[in-house]
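In case you want the letters, here they are:
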Amino acid sequence: MRIDSYIEKLLFDYNCVVVPGFGAFLAHGKSAEIDLATNTLVPPSKTISFNAQLSKNDGLLVSHISKEKNLGYEDMLHEVENIADDWNTRLAQGDSIELFGIGKLWHNSEQRIQFQPEEKINFLTSSFGLSTFAATPIQREVIKEEIEELEERIPFIITPEKREQTSFRPWLKYAAVILLAVSFGATSYRTYGELQQKEVAAQQDAQQEVSRLIQEATFFESAPLELPAINIKVTKKKLGKHHIIAGAFREEQNADKKVDQLKQKGYNAFYLGVNKYGLHQVAYDSFDDPKEALIFLREVKSKESRDAWMLSEK
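Fair warning: this is a prediction, and the values are worked out from it, not measured in the lab.

Scoring rules and cut-offs
Residues numbered from 1 in each chain as written. Predicted model: local features only at pLDDT ≥ 70, side-chain atom pairs only at ≥ 80, totals over all residues. Heavy atoms only, no water. Helix = DSSP H or I, 4+ residues; strand = E, 2+ residues; numbered from the N terminus. Buried < 20%, exposed > 50% of the residue type's maximum accessible area, 1.4 Å probe, protein only. Contact = heavy atoms within 4.5 Å. Areas by Shrake-Rupley, 256 points an atom, 1.4 Å probe, with all protein chains shown as cover. Axes fitted to C-alpha atoms, helices over the stretch in contact; angles between N-to-C directions. Left-handed = near helix turned anticlockwise from the far one by under 90°. Nonpolar A, V, L, I, M, F, W, Y, C, P; charged D, E, K, R; others polar. Phe/Tyr/Trp six-rings, centres within 6.5 Å; stacked < 30°, edge-to-face > 60°. Lys NZ or Arg CZ within 6 Å of the ring centre and 35° of its normal. Pairing = 2+ DSSP bridges. Salt bridge = Lys/Arg side-chain N within 4 Å of Asp/Glu carboxyl O.

Enquirer: Report on the overall build of the protein, specifying residues and quantitative values.
Expert: Across its full length, the protein carries seven helices and 13 strands. A buried classification covers 31% of the 314 residues belonging to the protein. A separation of at least 24 residues holds for 62% of the contacts in the protein among residues at least 6 apart in sequence. A total of about 21200 Å² of accessible surface is found on the protein, and carbon and sulfur atoms cover 53% of it.

Enquirer: Please provide a residue-by-residue account of the packing of helix α2 (residues 60–69) against helix α3 (residues 73–92), values included.
Expert: One way to put it is that α2 packs onto α3 with a least axis distance of 9 Å and a crossing angle of 115°. Crossing angle aside, the handedness with which α2 passes α3 is right-handed. Residue-level contacts link V62, S63, I65, S66 and K69 of α2 to Y73, M76, L77 and V80 of α3. Here the contact of α2 with α3 is composed, by residue class, of six nonpolar, two polar and one charged.

Enquirer: Can you lay out the packing of aromatic side chains for me, pointing to particular residues and giving the numbers?
Expert: The tally for this structure, following the rule as stated, stands at eight aromatic pairs. Judged by centre distance (5.1 Å) and plane angle (65°), the ring pair of Y267 and Y284 falls under edge-to-face. Here the residue Y267 occupies a position in the loop between α6 (252–264) and β11 (270–274), and Y284 occupies one in strand β12 (residues 280–287), the gap between them amounting to 17 residues. The pair formed by Y267 and Y284 is uniform in burial state, with each residue classed as buried. An angle of 50° between the planes, with centres 5.2 Å apart, marks the rings of F287 and F296 as tilted. In terms of burial, F287 and F296 fall into one category: buried. Linked through ring pairs, F22, F25, F50, W87 and F115 together constitute an aromatic cluster. Over the aromatic face of W106 sits the side chain of K104, whose NZ or CZ is 6.0 Å from the ring centroid.

Enquirer: Can you lay out the pairing of strand β7 (residues 103–107) for me, pointing to particular residues and giving the numbers?
Expert: Relative to β7, strand β6 (residues 97–99) is paired through three bridges, and the arrangement is antiparallel. The partner of I97 across the bridge, within β7, is L105. Count of turn residues in the β6/β7 antiparallel hairpin: three residues, of which G101 carries a positive phi of about 80°. When β7 meets strand β8 (residues 113–117), the two strands line up antiparallel, connected through five bridges. In the strand pairing of β8, L105 is matched with F115. Between β7 and β8, which pair antiparallel one after the other, the connecting turn spans five residues, and Q111 there sits at a positive phi close to 60°.

Enquirer: Lay out the pattern of salt bridges with the relevant residues and their values.
Expert: All chains considered together, the criterion is met by five salt bridges. For R2, the salt bridge is made with D4, and the minimal N-O distance between the two is 2.4 Å. Judged by relative accessible area, which is 54%, R2 ranks as exposed. Residue classification places D4 among the buried positions, given a relative accessible area of 4%. With a shortest N-O distance of 4.0 Å, R112 and E110 are connected by a salt bridge. The two residues R112 and E110 agree in class, both being exposed.

Structure (structure tokens):
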């Protein structure tokens, strides 16, 4: 069975797709850019990278394939793990793996996995239909030609009483031309300065938008929530093997606030602990039966948050 088509489909909606026992494909946002050498405008996109350290099953890929093929979760998990073992064996033997629509994987001289992404596909859905655009350079007039044209239009009137001062006429013409050139240069400099300020402001707005999106990401949420402190007594419950994760936080106090917030909404939320990346995890609920966990996960994704995912313990 080939699973690259399922991975490609999920990368359009999610920023992390984990292949259990093998690694994770990560999607990173990339801003629009201009190639000054070719005068080409490249639209915003999402680039794909690979991280072999993120190999623990999060339930996203397996549950998606089991739903598409109408098969059991445990059977599909076993089949995906077999595919991951086959990929690792082929890479160790020096073979390369081509994943259609995603990229190419191989081992370097240090036996580390290298990844070359497929550059023909833009996984950013908001840029659907946009393509690179080549702009024609604007041909601007030479300032010297404009000054000469203005010089011909400048009237110089000398009365008969001052004919003896006609020798100063060339100096007056040159002074007028210099004045016009200085004025034109100052105007051009002001215009250029305003364009520079607008460009810097646009870049700052784009950086702020990227920072906001990062702060909202489920795996790296760290912004403090302005919620009132609530003291409640919590009865420790027996946890199942399948946890529906609501988020992972850098600060423990933010994780506690998230638990309180979810409990106010009626969920059996609890603090799961710190993962191997040092993040404090919060779960909506925990289940022993994986089928019940998947049903609850679909309900949470449709009603609460599409970023929820399932963590299964072996």
